[in-house]
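Okay, here's what each chain looks like letter by letter:
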Amino acid sequence: MIKFSKLELLAVALAAFVGLVVLPCLNAFVPPSSGFHVTTFSLSLYGKYLTYAVLALGVNLLWGYTGLLSLGQCLFFSLGGYCLGMNMMMNISRLGQYHEAIPDFMVFLEFPARYPETGGLPPHWMPFKHFWFAGLMVVLVPAAVAALFGWLAFRSRIKGVYFSILSQALTYAACLMFFRNDFTFGGNNGLTDFKFLLGTPSLEAGEIARPADFIAKLSEGRDGVSKHLWSQIPEPSQKRLKELADANQGAAGEVLLGAELNKILATGLIYEERRFSEVALAPEIKRRLGQNPRDTGMLNLNRDLLESAFPQDVARKRFQGFVVNDPATKRALYICSGALLLLTYLFCRWLTSTKFGLIQRAVRDSENRVLFSGYATASFKLFVFVTAAVIAGLGGALFVPQVGIINPSEMGADKSIEAVIWVAVGGRGNLLGPILGAIGVNSLKSYATHSFAEQWPYILGGLFVFVTLFMPKGLVGLPSQIRAFWSKPGSTAADAESAAPLKPGKTARL
Amino acid sequence: MHVPPPLCAKTQAPVKINLQTRRVRRCVRAFFLASLCLGLVDSRAAAAAIATPSTNRTVLTEAVLAEDSDKQIELVRKLVNAGSESIVEQALSAWRLGNLFLLETNDTRIPFLLEARTDGEGKAVALRLLDGEALKDADGVPIKFSAADLTPVDTTSKLRKAIKTTLDLFALSSPNSKIRRDAVIKLGQEQDPEYLPHFESRLQDETVREARRALHEAISLTLAASEDPVVRDSAVLRLGELRSITSLQFIKNLEKQAAANPGKFGEGTLSATRAAAQRIETYIAFGNLFGTAFRGVSLSAVILVAALGLAITFGLMNIINMAHGEIMAVGAYTAFVVQGLFGGGLLFSVFGKTVSLKGMGWTGGWFDAYFIVALAVSFVTAGLAGLALERTILRFLYRRPLESLLATWGVSLILQQIFRHTFGSANVQVSSPSFLSGSFVVHDVLFAYNRLFIVGFALFVVFLTWLLLSKTSLGLQIRAVMQNRAMASCIGVRTERVNMMTFAFGSGLAGMAGACLSQIANVGPSLGQRYIIDCFMVVVLGGVGNLVGTVSAAVGVGVTDQILQPWLGAVLGKITVLAAIILFLQWRPNGLFVTRSRSLEG
């Protein structure tokens, strides 16, 4: 069990309460006119900071506690993001520019010619249709990459600056790779234009009961809706559907019919008063019809209309996915980010207070002594590296739906170093510092790039220099540093250095 | 006088229309072509032409006036060797394009051209073809015509073709051997047997090797299209012997045809084409190999020059200077500034204020000397920048290498933004001095002078560094500190000072590297970022504090990169190199060469 001091418990509880309960409530229940209202945009921005804080906790676990400065953590962050992004790309369901079943960039890059057997979808994208798979990959992909790289690196005892440089090279290489269009992850545009999270209103496999009968019903066109839908299906498909229905090949018919119906559902509202005169519509649907919704709302409504028109044939879909741009979804994502941060905090708190954490710090302070005491330091380091990668991946997965885009520049070498400076600013080697640093530096960045963008590189660069020179323990260590300064008047930067007991054996390299 | 192809005139014509008064397009075009053909003749040139009425002019006039088109063609062909006289070329081009006119009176017919200069009404003086003199009316006033009002001399398609052939063949006797060679190659590609006698006669007078080779190639290529199997086969074999890359496509096509239609071409052709194609392909493969090797070596030299300073400071202080790339950029911008001072001056802004520096306005050799000066100056400026960096920041971080990495990254961000604010975010133009532009070709492999220079420069820098490390007392101290800092300090080496000097020297080298890079790469704020990862890889791969290690790592990275690029493309090649380095470190974790010591690192 984790032992909290009273102060820490109070602080964490208070922060969690404010972050997880108060802010979302201010967004949801306080009217926008009020001064206390938190806009959805701000909430989403805070959510982004929280995912950055998660990433920072991972960096801290590596650098602050194990002495491994990885300059490639954003690679794992982006990998997590890409995994979830792929799932969300699959949920767009023909709402893209091209109204195709595959994501826009695949149409644009002529994937149908490259992967004709799957209609343009690269085979490794297929399982990402399922959220559970994508969720699993969010954890597994960063873990696997980290495990492979870490194993190679720690096995041959690459450490210190060498490890930093190699991790930077890794993320640089990956960045180059993802920039390639051939790599099937959207090239330099990345993945974007998400519509739904966790599900989709489109017809999926198994949602048309008795496809052969349904095809027959549509082609006969007895009611207005059937007539309309059937007329929207292009002639070759009509012919093929009839053939399939006659041959009683339901499965094949369902695939084709599903594709055609999805296309119709995504192109425009299928409702027209005359057409739906025989259909009993629920009052809720009638209300939404009055709003004349577009894009995602239209697709949801079309699906409901279809279900109402053919209650026996089309399965009732209770969950049609969350609309990504919906304020409620944004709020939920924010809360998830906060919860993830809390959990990560608690996990790191627990891990560092165990015996494992003790060895971790021993490795940081003098790896050779730990090695000579009989510990396999490589395995310890590998475990921490993989853990940090998973933490980063989870953070990335929550980052992407809130920001709405993931592209290779997110895994550039500069981003990873920036993540390190958050930790340095906040103070490494403790758990509060990285969170403070990530939120603080990013707030500053949002403000600075908005108000004086030209000067931002100076500020950021100055931050790098200033913090390493004068605040080796970061914001969190500032009080003790000031105390030391007052008790020993006349001390300079050199003493500030000695105030950083991160390398206790301050002997020269022997 | 050079006659541009008609396409060029067509594309330029609309501009002229805007300049001139509104006139019909045909007229303008005629005017424009005429002006080109006549080469904007000034009166002096005309006078000179009058002084020497040539036989060529007589022949030309005769050709224009001849009734029979066969006779005309014959006369035109006679002019083949008259290319040195520009009027012949002008007149023929004008004839072919319908800008040669005929003044017909009752008993005489006088062919004439229009002068380029026109008066306000678009009329120009008519120049007689026979002697280049202006046509005059009875009062001795030159007669003026507008091209639009005149009817050009008739031509048949056969005649036009003959004129074109003659014009093409003029290039064969051009005084410039390169033009001759290019013309031969172009004509050879046409495989027109009509050219053969001209090639043969040219071959007898030709002395320049390249042009002779081109002539041989052209003759064989033309013969290779012959219907006679014996001639054809021997010509194809000869092409193989000549290793003619330009005719490979034809030979391959011939091989395909011969394979598809053995009855028509016969066994001999098939085997001859196969042998020739193989020979040429082997030659190309060798050429590619050497080309790749040269590119690899020159890339290696670039990386080496860039990484050397980094490797020294890393070996000495165990610090990776992330701002190393920006120190290189300091050198490159220094070259830009020196160039401006030698040449036409330059503009830049300091703290938002535009500063304009006046240059010396030198040209030619004096201006070219800027690059040599720039190399020296960039060593100084970058060295000073490095010194400042070491004194103000790095010396507080010697025992904290990871933090020094972050601090120097911060410095690199700041420097980049300073470049942007001072010189703008766009690339600046650093011109090559004349002795570095151009290239020479050996067996179809291109050697660019600037690349060669960089290879030589890299060797020089390595030599300089070796000299410093092994022949000076500073070098001795550097090596002592590298091996055992504490012990060196104990016996009186001022390690701080050694650090400072080494860092300044390493930065100076980076500055020279930057100045050098300005010759082959764009100079912009992000110049440093482009090479920095490669530099790091070289340092990590080469091992600490060893020149041999750095050199071999640089060559390894550069050559591997160039070998992989044709197969995998630039990006995948780079990724493969990175992966290979990571795997290589499994085998030798401390890099290629390690300075042995008894200390336990870390």
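Quick note: structure is the one above.
Sequence order as written defines the numbering, with residues in each chain counted from 1. Just so you know, chain letters begin at A and ligand numbers begin at 1, following the order they were written in. Under the rules for a predicted model, residues below a pLDDT of 70 receive no local features and side-chain atom pairs below 80 are neither given nor counted, while totals for whole chains, interfaces and linings still include all residues. Hydrogens and waters are ignored; side-chain quantities use all the structure's heavy atoms.

Asks: So what about the overall build of chain B? Which residues, and what values?
Replies: Of the regular secondary structure elements, chain B holds 23 helices and eight strands. Buried positions account for 49% of the 602 residues belonging to chain B. Within chain B, contacts between residues separated by at least 24 positions form 66% of all contacts whose residues are at least 6 apart in sequence. Accessible surface, chain B: about 28600 Å² in total, of which carbon and sulfur atoms supply 59%. Runs of E in the DSSP output that reach at least two residues are strands. Runs of H or I that reach at least four are helices, and both are numbered from the N terminus. Working definition: with a 1.4 Å probe on protein chains only, accessible area under 20% of the residue-type maximum means buried, over 50% means exposed, and in between means partly exposed. Residues are treated as being in contact if the distance between any of their heavy atoms lies within 4.5 Å. Calculation of accessible area relied on Shrake-Rupley with a 1.4 Å probe; when residues are assessed, cover is drawn exclusively from the protein chains displayed.

Asks: If you had to explain the environment of B:Gln339 to someone new, which residues and values would you point to?
Replies: Residues and elements named next belong to chain B. As for its position among the elements, Gln339 is in helix H14 (residues 324–342). Accessibility expressed as a relative area gives 9% for Gln339, which makes it buried. Sequence spacing of Gln339 and Val430 is 91 residues, and the spatial spacing of their C-alpha atoms is 7.3 Å. Residues within four places of Gln339 in sequence aside, it is in contact with Phe367, Tyr370, Gln429, Val430 and Ser431.

Asks: Explain the interface of chain B and chain A to me, using residue names and the numbers behind them.
Replies: The extent of an interface is frequently quoted as the accessible surface area lost upon association of the parts. The interface is formed by 46 residues belonging to chain B together with 45 residues belonging to chain A. Salt bridges, as used here, are contacts in which a Lys or Arg side-chain nitrogen is within 4 Å of a carboxyl oxygen on Asp or Glu. Close ionic contact of A:Arg428 with B:Glu403 constitutes a salt bridge, the shortest N to O distance being 2.6 Å. Contacts described as polar in this section are N or O atom pairs within 3.5 Å, which, within protein, must combine one atom able to donate a hydrogen with one able to accept it, while residues neighboring in sequence count only if both atoms come from side chains. Viewed at the interface, chain A and chain B are joined by five residue pairs in polar contact (both at pLDDT 80 or more). Residue assignment for the side of chain B that touches chain A shows that the elements contributing at least two residues are helix H17 (401–423), helix H22 (527–542) and helix H23 (547–587) of chain B. Per element, the largest residue contribution to the side of chain B that touches chain A is 14 residues, and it comes from H17(B). Looking at the side of chain B that touches chain A residue by residue, the classes come out as 32 nonpolar, nine polar and five charged. Residues are grouped as follows: nonpolar covers Ala, Val, Leu, Ile, Met, Phe, Trp, Tyr, Cys and Pro; charged covers Asp, Glu, Lys and Arg; every other residue, Gly included, is treated as polar.

Asks: If you had to explain the packing of aromatic side chains to someone new, which residues and values would you point to?
Replies: All names here are of chain A. Pairing of aromatic rings covers Phe, Tyr and the six-membered ring of Trp, with a centre-to-centre limit of 6.5 Å; geometry is then stacked below 30 degrees between planes, edge-to-face above 60, and tilted otherwise. Following the criterion strictly, the structure yields 42 aromatic pairs over all chains and no others. An angle of 45° between the planes, with centres 6.1 Å apart, marks the rings of Phe149 and Phe385 as tilted. You can see Phe149 sitting in helix H6 (residues 131–155) and its partner Phe385 sitting in helix H17 (residues 377–403), a full 236 residues away along the chain. Of the two residues, Phe149 and Phe385, both sit in the buried class. Taking the centre distance of 5.3 Å and the plane angle of 65° together, the rings of Phe183 and Phe185 count as edge-to-face.

Asks: Can you tell me about the packing of helix H18 (residues 413–426) of chain A against helix H20 (residues 456–470) of chain A, naming the residues and giving the values?
Replies: Residues and elements named next belong to chain A. Following both chains from N to C, one finds H18 and H20 inclined at 50°, their axes separated by 10 Å at the closest point. In terms of orientation, H18 and H20 fall into the oblique class. Handedness of the crossing formed by H18 with H20: left-handed. Residues Ile417, Glu418, Ile421, Ala424 and Val425 of H18 touch H20, and the partners they reach there are Leu460, Leu463, Phe464 and Val467. The residue inventory of the contact of H18 with H20, partitioned by class, reads eight nonpolar, no polar and one charged. The angle between two axes is taken between their N-to-C directions and runs from 0 to 180 degrees, where each axis is a line fitted to C-alpha atoms and a helix contributes only its stretch in contact. Roughly parallel refers to an angle under 35 degrees, roughly antiparallel to one over 145, roughly perpendicular to one between 65 and 115, and oblique to any angle outside these ranges. For any pair of crossing helices, the crossing counts as left-handed if the nearer helix is rotated counterclockwise from the farther one by less than a right angle, and right-handed if it is rotated clockwise.

Asks: Break down the pattern of salt bridges for me, citing the residues and quoting the values.
Replies: Residue and element names in this part refer to chain A. In the structure shown here, the tally under the stated rule is 14 salt bridges over all chains. A salt bridge links Asp182 to Arg180, with the nearest nitrogen and oxygen atoms 3.5 Å apart. For Arg180, a relative accessible area of 21% puts it in the partly exposed group. Here the salt bridges share partners, and the residues they tie into one network are Arg114, Arg180 and Asp182.

Asks: Run through helix H7 (residues 157–170) of chain B, naming residues and quoting values.
Replies: Given 3.6 residues to a turn, an α-helix orients residues that are three or four positions apart in the same direction. In this model, H7(B) (14 residues) spans 20 Å end to end at C-alpha, consistent with the 20 Å of a helix rising 1.5 Å per residue. Taken together, the buried positions of H7(B) are B:Leu159, B:Ala162, B:Ile163, B:Thr165, B:Thr166, B:Leu167, B:Asp168, B:Leu169 and B:Phe170. Given the number of residues in a helix, its expected span is that number minus one, multiplied by 1.5 Å.

Asks: How would you explain the nonpolar core if you had to name every residue and give the values?
Replies: The biggest cluster of nonpolar side chains holds 253 residues, and the ones touching the most others in it are A:Trp125, A:Leu191, A:Leu229, A:Leu257, A:Phe310 and A:Trp422. Top element by residues in this core is helix H13 (residues 262–317) of chain B. It accounts for 15 residues. Setting aside anything within four residues of it in sequence, one finds A:Leu229 in contact with A:Leu218, A:Leu261, A:Ile264, A:Ile270, A:Leu306 and A:Phe310. Nine residue types can take part in a nonpolar core, namely buried Ala, Val, Leu, Ile, Met, Phe, Trp, Tyr and Cys, and a core is a set of them joined through side-chain atoms within 4.5 Å. By size, the runner-up hydrophobic cluster in this structure holds 24 residues, among which are B:Ile87, B:Leu102, B:Val153 and B:Ala162.

Asks: Kindly report on the side chain of A:Gln168, identifying the contributing residues and their values.
Replies: For A:Gln168, the position within the fold is in helix H7 (residues 160–179). With sequence-adjacent residues up to four places away left out, A:Gln168 is seen in contact with A:Leu71, A:Ala413, A:Ile417, B:Met322, B:Trp409, B:Ile533 and B:Phe536.

Bear in mind that shape data such as this cannot, by itself, settle questions of function.
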